[in-house]
Amino acid sequence: MSLANTVKANVAKWLTSRTRVRLGRFVAELKRRIRRGPHTVYYFHRADDPYCQLMVQVMPDIASRFAVEVRPLVVERLPANMYPDPVRYEAYSIIDASRLARLYGLGFSLDATVPDRLAVGMANRFLASKQDDPSFFALAEEVGAALWRRDLASVRSLCGSADLGEATLKQNETTLKTLGHYASANLYYEGEFYVGLDRLDHLERRLNDLGLGDEQVEFEVHRLWRYGLNQLERSLTGETIDVFFSVRSPYSYVGLQLVSDLASKTGVILKLKPVLPMLMRGMKVPKDKSRYILLDTAREAHLEGVEFGTIIDPLGAATWRAMAIGFALMKEEEATGQFGQSFDFFKAFTKGVWAEGIDGSADRGLSKILEKAGLDRSWIAKALSRTETEKLADANREEMFRCGSWGVPTFRAGDETFWGQDRMWAIVETLKQ
């Protein structure tokens, strides 16, 4: 490995380490004590975010179980460049929120559809005027329920005419940006963000470690999908999961590890659909988003027992070479009817670049990865051409778009589409049905 890559891998290892996280939390707590400030959790709310409709239902529970002050801040305009395909994201998030609502026993309209824009503006301004009100979360839940069932009369009745200009919303949006994030349904506590219901367990653990809570972790139900998998083996024989992923996506790496665990315990068949990463398709990922993804992947990987952090970014040549070899293996599998080698290779490659500091752009690194996958290094020479590789990757991307998703990792089970490595529980539920 070159000196430059060694330095980069060690820097990444430190940034994603639990040691750095513990040190950061220690320093944050020390600073809080010095300034004698309260334990404050900031919650960023947006009326037309379906995940916010779930969050306002659980935040009173967090406030009652932990010795913290929860301060809601209403936002409206989020950075457009953070969402590469807002139409697909908006449609998917409504479906996904309804799944989460069922899992956690929360209320969310079964006929929820994109809210009326005028009503949304009214709701955001009304809630911004009430963000210091002790009944904020109850008000937000009631207003949100009316929005999601498109009950405009109720929205008008509840919100009335909020005597508030744009100043509060803009100030809150500036606060979110200054803290280093871009999303609503988002909690911030002393240097770390917790986006959505399925990151609340990280916050629960942190607050418990500080001695501020009841020592319980109530929001980890989505992590319990492994229980009972062995009993599903017979019923899932012949079922398939399409796996859309990018070797340059850290979430995809973790997703491949988790779905491999799912497949090994149930016997479901995995159909791989590699796609090119966003940056290699002419799209941009802003710095704040890249940083959050890296740090969030690290804590998710650590919690799931997936090795992560010694990174050699595969952007560029490494991605092309990995996909060319992977597609060649898939082509061979289709010809022989013997499957599994391509998945072993992609698992080994993503682990190599995201956890083991292997340079996937060099023959030496690829040889090591192939060896770890139980494959001969001759596959380096058997790799497909870039033209053929790009053609196959583009076809997978178009199929992913048709499934209603815009990014990786995406899983398709039955007629359902799931985005994110943290949706194994939803995949299992769909397979059971």
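Note that the coordinates shown come from a computational prediction; the quantities given were computed from them, not determined experimentally. (Residues numbered from 1 in each chain as written. Predicted model: local features only at pLDDT ≥ 70, side-chain atom pairs only at ≥ 80, totals over all residues. Heavy atoms only, no water.)

Participant: What's the story with the overall build of the chain in this structure? I'm lost.
Facilitator: Across its full length, the chain carries 16 helices and eight strands. Here the C-alpha atoms of the chain give a radius of gyration of 23 Å, agreeing with the 22 Å that 2.2 N^0.38 yields for 433 residues. For the chain, the spread of C-alpha atoms along the three principal axes comes to 70 × 50 × 45 Å. When burial is assessed residue by residue, the chain has 54% of its 433 residues classed as buried. Contacts in the chain between residues far apart in sequence, at least 24 positions, make up 76% of those at least 6 positions apart. (Helix = DSSP H or I, 4+ residues; strand = E, 2+ residues; numbered from the N terminus. Rg over C-alpha atoms; globule rule 2.2 N^0.38 Å. Buried < 20%, exposed > 50% of the residue type's maximum accessible area, 1.4 Å probe, protein only. Contact = heavy atoms within 4.5 Å.)

Participant: How should the packing of helix H9 (residues 200-209) against helix H11 (residues 287-304) be read in this particular structure?
Facilitator: For any two helices packed against each other, one specifies the inter-axial angle together with the distance between the axes. In the contact formed by H9 and H11, the axes pass within 11 Å of each other and the chain directions differ by 75°. The angle between H9 and H11 falls in the class roughly perpendicular. Residue-level inspection shows Asp 201, His 202 and Arg 205 of H9 in contact with H11, the latter providing Arg 299, Glu 300 and Leu 303. (Axes fitted to C-alpha atoms, helices over the stretch in contact; angles between N-to-C directions. Parallel < 35°, antiparallel > 145°, perpendicular 65-115°, else oblique.)

Participant: When you look at the pattern of salt bridges in this model, what are you seeing that I'm missing?
Facilitator: Where charged atoms from two side chains of opposite charge come close, those side chains can pair. Under the counting rule described, the total for this entry stands at 46 salt bridges. Across the pair Asp 313 and Arg 248 runs a salt bridge whose closest N-O atoms are separated by 2.6 Å. Of this pair, Asp 313 sits in the loop between H11 and helix H12 (317-336) while Arg 248 sits in the loop between strand S5 (240-245) and helix H10 (250-266), placing them 65 residues apart in sequence. (Salt bridge = Lys/Arg side-chain N within 4 Å of Asp/Glu carboxyl O.)

Participant: I'm lost on the pairing of strand S4 (residues 192-195) in this one. Help?
Facilitator: Two faces, one strand: in a regular strand the side chains alternate between the faces of the sheet. Sheet topology places strand S3 (residues 186-189) next to S4; four bridges connect them, and they run antiparallel. Note on S4: the bridge partner recorded for Asn 186 is Val 195. Count of turn residues in the S3/S4 antiparallel hairpin: two residues, of which Glu 190 carries a positive phi of about 45°. (Pairing = 2+ DSSP bridges.)

Participant: Looking at this structure, how should I read the sheet that holds strand S6 (residues 269-274)?
Facilitator: On the basis of which strands lie adjacent, the open sheet formed by four strands has the order S6-S5-S7-S8 and mixed pairing. Taken across any chain shown, the strands that pair with only one partner, and hence form the sheet edges, are S6 and strand S8 (416-419). Recorded for the sheet is a direction-independent mean angle of 20° between the axes of neighbouring strands. Of the pairings in the sheet, the one linking S5 to strand S7 (residues 410-413) comprises four bridges and is antiparallel in character. Paired with Val 243 across the bridge in S7 is Phe 411. Across the face of the sheet, helix H13 (residues 341-355) comes into contact with S5 and S6 while running at roughly 60° to S6.

Participant: Would you mind showing me how to read the sheet that holds S4 here?
Facilitator: By definition, the strands of a sheet pair up through backbone hydrogen bonds, in either a parallel or an antiparallel sense. The four strands are arranged S2-S1-S3-S4 in an open sheet whose pairing can be described as mixed. Looking along the sheet, the strands with just one partner apiece sit at the ends: strand S2 (69-74) and S4. The average undirected angle you get between the axes of adjacent strands in this sheet is 25°. Of the strands in this sheet, strand S1 (40-45), S3 and S4 touch H9, which is tilted by about 20° from S3.

Participant: I tried to follow the pairing of S1 on my own but got confused; where do I start?
Facilitator: Across the six residues that make up S1, a large majority, five, are buried. As paired strands, S1 and S2 are joined by six bridges and run parallel to one another. Bridge pairing in S2 places Phe 44 opposite Leu 73. Handedness of the crossover joining S1 and S2 through helix H3 (residues 50-65) is recorded here as right-handed. (Right-handed = clockwise from strand over helix to strand, strands pointing away.)

Participant: Explain the packing of aromatic side chains to me, please; I cannot follow it from the model alone.
Facilitator: The description of an aromatic ring pair uses the distance of the two centres, along with the angle that the planes make with each other. Counted according to the given criterion, the structure contains 17 aromatic pairs. With 5.3 Å between their ring centres and 45° between their planes, Tyr 83 and Tyr 89 make a pair best called tilted. Plain terms: the ring middles of Tyr 104 and Phe 219 are 5.8 Å apart, the flat faces sit at 35° to each other, and that makes the pair tilted. One end of the pair, Tyr 104, is in helix H4 (residues 86-104); the other, Phe 219, is in the loop between H9 and S5, with 115 residues separating them in the sequence. Each member of the pair Tyr 104 and Phe 219 is classed as buried. Aromatic rings pair up to connect Tyr 83, Tyr 89, Tyr 92, Tyr 182, Trp 406 and Trp 419 into one cluster. (Phe/Tyr/Trp six-rings, centres within 6.5 Å; stacked < 30°, edge-to-face > 60°.)

Participant: Quick question: what am I supposed to make of H4 here?
Facilitator: Every α-helical turn comprises 3.6 residues, leaving residues that sit three or four positions apart pointing alike. Compared with the 27 Å implied by 1.5 Å per residue over 19 residues, the 26 Å span of H4 between its first and last C-alpha is a close match. Every buried residue belonging to H4 is among Tyr 89, Tyr 92, Ser 93, Ile 94, Asp 96, Ala 97, Ser 98, Arg 99, Leu 100, Ala 101 and Tyr 104, and all of these are buried. Residue Gly 105 follows H4 closely and has a positive phi angle near 65°. (Expected span 1.5 Å × (residues − 1).)

Any functional reading would require information beyond the geometric quantities listed.
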